[in-house]
Amino acid sequence: MTLEQFAEKLVGNWKKFDSFGWWGEPAQADQCAIIYTHNRDSGPLDLSNAAIIAKALEPFGDAIPQRHNHFAVGWVEGFVIRVYRRGKITDAFKAYYELNKRMDDYPVLDEEDFSRRESEAQGEAYENCYRQDFARECEKAFDVQLGEITFERFNEIAAENGVYWVGDYIDIHELVELVDYDELPILFDTVAWNDCGEQREKFDNAFDADERAAELRAQGFYATISTGN
């Protein structure tokens, strides 16, 4: 679509919005278009592109930020862009047209910004949900207790097993089926005692460690149990 066709298509587009009320619209609003870039529920891609668009439109007085209430997603944000001024397409609209063309060719306007936002969203999802789910499923599968698994280490384990994030979702059940015991930070109960020098034995469950310590104590040794990796 050429610039001229795009301008003709979008100018006055707000008149066709369903159940739309606009208070405080600019003068000659029929020469303007409303462009929404993101909403309350937007993911990293839309938020990233919205930030890049906002930065690109910031120098233009013909692009005014907008925030409107929306019955389904709470609110939507974007810009009212003046399309025509004295019959000519404005520089603000030309800038948006170029950005829109780029998104048509490839949906990500800034790979670095998007990657950062996506990683932050994944980290938040891991801390709020997947950390506990992964530990619980692994402990059930291997009958062990796990130590701390950081987000970075979790991503390494996932990549090593060919399981990847899709947005802020990752298949925990698939990962648990593939993960190897040796990849996990197992918490061991270590039984230590002295017999011409300190002796140490590791157990991956508390029952066996308690049983071994009791056996050693019955033999007259001073045995202690500590838990760690």
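Above: the structure in question.
Residues numbered from 1 in each chain as written. Predicted model: local features only at pLDDT ≥ 70, side-chain atom pairs only at ≥ 80, totals over all residues. Heavy atoms only, no water.

Participant: Can you help me understand helix α7 (residues 206–218) in this one?
Facilitator: Count 3.6 residues to each turn of an α-helix, and residues three or four apart come out pointing the same way. Taking 1.5 Å of rise per residue, the 13 residues of α7 would be expected to cover 18 Å, and the 18 Å separating its terminal C-alpha atoms lies within 8% of that figure. Residues of α7 that are buried include every one of Ala209, Arg212, Ala213 and Leu216, and no others. Viewed end-on, α7 has its buried residues packed into an arc of 100 degrees, placing them on one side of the element. Opposite its buried face, α7 presents the exposed residues Phe207 and Ala218, each directed more than 90 degrees away. (Helix = DSSP H or I, 4+ residues; strand = E, 2+ residues; numbered from the N terminus. Expected span 1.5 Å × (residues − 1). Buried < 20%, exposed > 50% of the residue type's maximum accessible area, 1.4 Å probe, protein only. Arc of directions from axis to C-beta.)

Participant: Teacher, can you tell me more about the pairing of strand β2 (residues 63–70) here?
Facilitator: Two faces belong to every sheet, and in a regular strand the side chains alternate between them. Relative to strand β3 (residues 74–82), β2 runs antiparallel, the two sharing 8 bridges. Bridging across to β3, alanine 63 finds its partner in isoleucine 81. Linking β2 back to β3 in an antiparallel pair, the connection comprises 3 residues. (Pairing = 2+ DSSP bridges.)

Participant: Help me understand the pattern of salt bridges, please; the structure alone is not making it clear to me.
Facilitator: Close approach of charged atoms allows side chains with opposite charge to pair. According to the stated counting rule, one finds 16 salt bridges in the structure shown. Between aspartate 62 and arginine 85 there is a salt bridge; the shortest N-O distance is 2.7 Å. Highlighted residues: aspartate 62 in the loop between α2 (44–57) and β2 and arginine 85 in strand β4 (residues 84–85), separated in sequence by 23 residues. Given the relative accessible area of 37%, arginine 85 is considered partly exposed. Its salt-bridge partner being arginine 212, residue glutamate 215 comes within 2.9 Å of it at the nearest N-O pair. A residue pair is termed a helical-turn pair when its members lie 3 or 4 positions apart in one helix, as glutamate 215 and arginine 212 do in helix α7 at 3 residues. It is possible to trace a salt-bridge network through shared partners that takes in Asp113, Arg116, Arg117 and Glu120. (Salt bridge = Lys/Arg side-chain N within 4 Å of Asp/Glu carboxyl O.)

Participant: Looking at this structure, how should I read the packing of aromatic side chains?
Facilitator: To describe a pair of aromatic rings, you give the distance between the ring centres and the angle between the ring planes. Scanning all chains against the criterion turns up 14 aromatic pairs. Between phenylalanine 6 and phenylalanine 93, the ring centres sit 5.5 Å apart and the planes meet at 35 degrees, which makes this aromatic pair tilted. Of this pair, phenylalanine 6 sits in helix α1 (residues 3–10) while phenylalanine 93 sits in helix α3 (residues 91–105), placing them 87 residues apart in sequence. For phenylalanine 93, a relative accessible area of 0% translates into the label buried. (Phe/Tyr/Trp six-rings, centres within 6.5 Å; stacked < 30°, edge-to-face > 60°.)

Participant: Just checking my understanding: could you explain the packing of α2 against helix α4 (residues 111–142) for this structure?
Facilitator: The description of two helices packed together rests on the angle between their axes and the distance between the axes. Interaxial distance between α2 and α4 falls to 9 Å at its minimum, and their mutual angle equals 140 degrees. The angle between α2 and α4 places the two elements in the oblique class. The interaxial crossing formed by α2 with α4 has right-handed handedness. Residues Pro44, Leu45, Leu47, Ser48 and Ala51 of α2 form the contact with α4, whose participating residues are Asp113, Phe114, Arg117, Glu118 and Ala121. Looking at the contact of α2 with α4 residue by residue, the classes come out as 6 nonpolar, 1 polar and 3 charged. (Axes fitted to C-alpha atoms, helices over the stretch in contact; angles between N-to-C directions. Parallel < 35°, antiparallel > 145°, perpendicular 65-115°, else oblique. Left-handed = near helix turned anticlockwise from the far one by under 90°. Contact = heavy atoms within 4.5 Å. Nonpolar A, V, L, I, M, F, W, Y, C, P; charged D, E, K, R; others polar.)

Participant: How should the environment of leucine 178 be read in this particular structure?
Facilitator: Relative to the elements of secondary structure, leucine 178 occurs in helix α6 (residues 172–178). Distance from leucine 178 to aspartate 143, taken between C-alpha atoms, is 16 Å for residues 35 residues apart in sequence. Setting aside anything within four residues of it in sequence, one finds leucine 178 in contact with Asn161 and Val163.

Participant: Whenever I open this one, the sheet that holds β3 confuses me. Can you help?
Facilitator: Sheet strands associate in pairs through backbone hydrogen bonding, adopting either a parallel or an antiparallel arrangement. Strand order in the open sheet made by the 3 strands is β1-β3-β2, with antiparallel pairing throughout. Each of the sheet's edge strands pairs with one partner strand only, and the pair in question is β1 (32–39) and β2. Neighbour-to-neighbour, the strand axes of the sheet open up by a mean angle of 30 degrees, direction not taken into account. Pairing of β1 with β3 involves 7 bridges; the strand directions are antiparallel.

Participant: In this structure, what is going on with the state of the cysteines? I would like to understand it.
Facilitator: A covalent bond between the sulfur atoms of two cysteines is what we call a disulfide. Evaluated as defined, the whole model comprises 0 disulfides. With no disulfide partner, cysteine 129 has as its closest neighbouring cysteine sulfur the one in cysteine 138, 14 Å distant. For cysteine 129, a relative accessible area of 35% puts it in the partly exposed group. Using a relative accessible area of 0% as the deciding quantity, one classes cysteine 138 as buried. (Disulfide = S-S within 2.5 Å.)

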